[in-house]
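Summary of structural features
For reference, the chains in residue letters:
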Amino acid sequence: MKVIAAVYDSIEKKSVLQTLDVPKEPIGPHDVRIEVKAISVNPVDYKVRNSITKENPGPRILGWDAAGVVTELGAKVSTLQLGDEVFYAGDLKRPGSNAEFQVVDEFIVGKKPKTLSFKEAASLPLTTITAYESIFEKLKLDPLKNKTVLVVAGAGGVGSITIQILKQKTNAKVIVTASREESNTWVKSLGADLVVNPNKDYLEQIKTFGLNGVDEVLLLSDPKDHFENLAKVLFPFGNICSIVESGSPLNMNLLKSKSNGYLNEFMFTRSMYQTEDRIKQKQLLEEIGDLVDKGKIIPTNKLDLGEMTVESLNKAHELLQTGKTIGKIVLGGIKK
């Protein structure tokens, strides 16, 4: 089958993308084989790509967001059928979705929202799982309580779905950081109640709205750029949930006096460690998918780069690395 993989180029002395023909991956008892119809890109794609070196030359098939059609079932598959249209984020330890076909554990694959195209559906899985787990499993936000939640970097892929889940499934007041006019407009269109500038003091800004702090924080960009600012604005006993590794050590003592917590979210944990509860990811994808079909949540694709090719994937990775993308970048299936 045809794939686009990251390999080490000894001449350019860096990782590059190449089109390759490789054998199909064997299918396990609870696996399904999916014909990939569309993908979206995430920072994990270029981060894994950058790990390809002379000592670790690849090839490595990237891609951890996709939508497609089930074409083969493992012997013990019970939750999906041949021909099902599905969406999923995959497993960091297995070959990715930059391919004609991908093999995935049935328990982390959701049935695609019926009202969405494959490209629209591909914009949702990784970010939806990340947002949902952050809100309800890490922060343990009570949907019925009137909490105030600060979402740092709200215009990106995860932020774009986080805002919507918070507004549709909780009573939270949602404050979002955005520094550009187009980002500001986007997050407000998704339901953000208030917008603050990430380059200014959070506490001073929210005081202008009559607030004295926030109950919880979803931190979706490098913690080192926001940590001191967040420690000031967070109420006692509140928590920060971060989805990004810090670029430098953080002074956790800043959280001590208010008994604040610092939590990590990594949506690949369940698949990487084959946890017994990994079916929760299928369930949450289909729960949010139902809200999509009811018109309560919209897909977050903002830029369509056409079919999946070496050139279009390179462009997608370059755009992501600017840190200025809004929503998600999507591509169609691999160009035949």
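Everything below is about the structure printed above this text.
A short tour of the structure in this document, coming up. (Residues numbered from 1 in each chain as written. Predicted model: local features only at pLDDT ≥ 70, side-chain atom pairs only at ≥ 80, totals over all residues. Heavy atoms only, no water.)

**Focus on empty space enclosed by the protein**
Going through the model one piece at a time under the given rule, you end up with 2 cavities of 30 Å³ or more. Forming the boundary of the largest cavity are M1, E25, R33, I61, P95, G96, A99, F101, Q102 and V103. Element by element, the count of residues in the lining of the largest cavity is highest for strand β7 (residues 101-105), at 3 residues. Grouping the amino acids of the lining of the largest cavity by side-chain chemistry returns 6 nonpolar, 2 polar and 2 charged. Put simply, the second largest cavity is a space of about 30 Å³. Surrounding the second largest cavity, G90, D91, R94, P95, Q102, V103, V104 and D105 form its lining. (1 Å grid on protein atoms, 1.4 Å probe; cavity = no way out; pocket = protein on both sides within 12 Å on 5 of 7 lines; lining within 4 Å. Points joined across faces, edges and corners; volume = space filled by probe spheres on them. Helix = DSSP H or I, 4+ residues; strand = E, 2+ residues; numbered from the N terminus. Nonpolar A, V, L, I, M, F, W, Y, C, P; charged D, E, K, R; others polar.)

**As for the layout of surface pockets**
There is about 1500 Å³ of room inside the largest pocket. Contributing to the lining of the largest pocket are 47 residues, with P43, L220, S221, I243 and V244 lying nearest its centre. For the lining of the largest pocket, the elements supplying multiple residues, two or more each, are α1 (43-50), α3 (125-138), α4 (157-169), α10 (310-321) and β16 (328-332). Examining the composition of the lining of the largest pocket, we find that 5 residues originate from one element, α1, more than from any other. Taken together, the residues of the lining of the largest pocket sort by class into 20 nonpolar, 19 polar and 8 charged. Put simply, the second largest pocket is a space of about 210 Å³. In terms of lining residues, the second largest pocket is bounded by D84, E85, K111, K112, P113, K114, E286, G289, D290 and D293. In terms of residues, the lining of the second largest pocket owes the most to one element, helix α9 (residues 279-293), which gives 4 residues.

**Observations regarding the side chain of D105**
Mapped onto the elements, D105 comes out in strand β7. A distance of 2.5 Å separates the side chain of D105 from the side chain of R278, its partner in a polar contact. Look past the residues within four positions of D105 in its chain and what remains in contact with it is H30, D31, R94, Q274 and R278. (Polar contact = N/O pair within 3.5 Å; in protein donor to acceptor, adjacent residues only side chain to side chain. Contact = heavy atoms within 4.5 Å.)

**Here we look at α9**
The end-to-end C-alpha distance of α9, which contains 15 residues, comes to 21 Å, matching closely the 21 Å that a straight helix rising 1.5 Å per residue would cover. Among the residues making up α9, those that are buried are Q281, K282, L284, L285, I288, G289, L291 and V292. Packed against the buried residues of α9 are β6 (85-88), β8 (109-111), α3, α4 and α8 (269-272). One or two positions beyond α9, positive phi appears at G295, with a value near 80°. (Expected span 1.5 Å × (residues − 1). Buried < 20%, exposed > 50% of the residue type's maximum accessible area, 1.4 Å probe, protein only.)

**Some remarks on the packing of aromatic side chains**
In total, this model carries 3 aromatic pairs according to the counting rule given. Taken together, a centroid distance of 5.9 Å and an interplanar angle of 75° make the contact between F227 and Y262 edge-to-face. Note that F227 is positioned in helix α7 (residues 227-233) and Y262 in strand β14 (residues 261-264), a separation of 35 residues in sequence. Ring plane angle 65° and centroid distance 5.5 Å describe the contact between F266 and F268, whose orientation is recorded as edge-to-face. Assessed through its relative accessible area of 39%, F266 is described here as partly exposed. With a relative accessible area of 2%, F268 lands in the buried category. (Phe/Tyr/Trp six-rings, centres within 6.5 Å; stacked < 30°, edge-to-face > 60°.)

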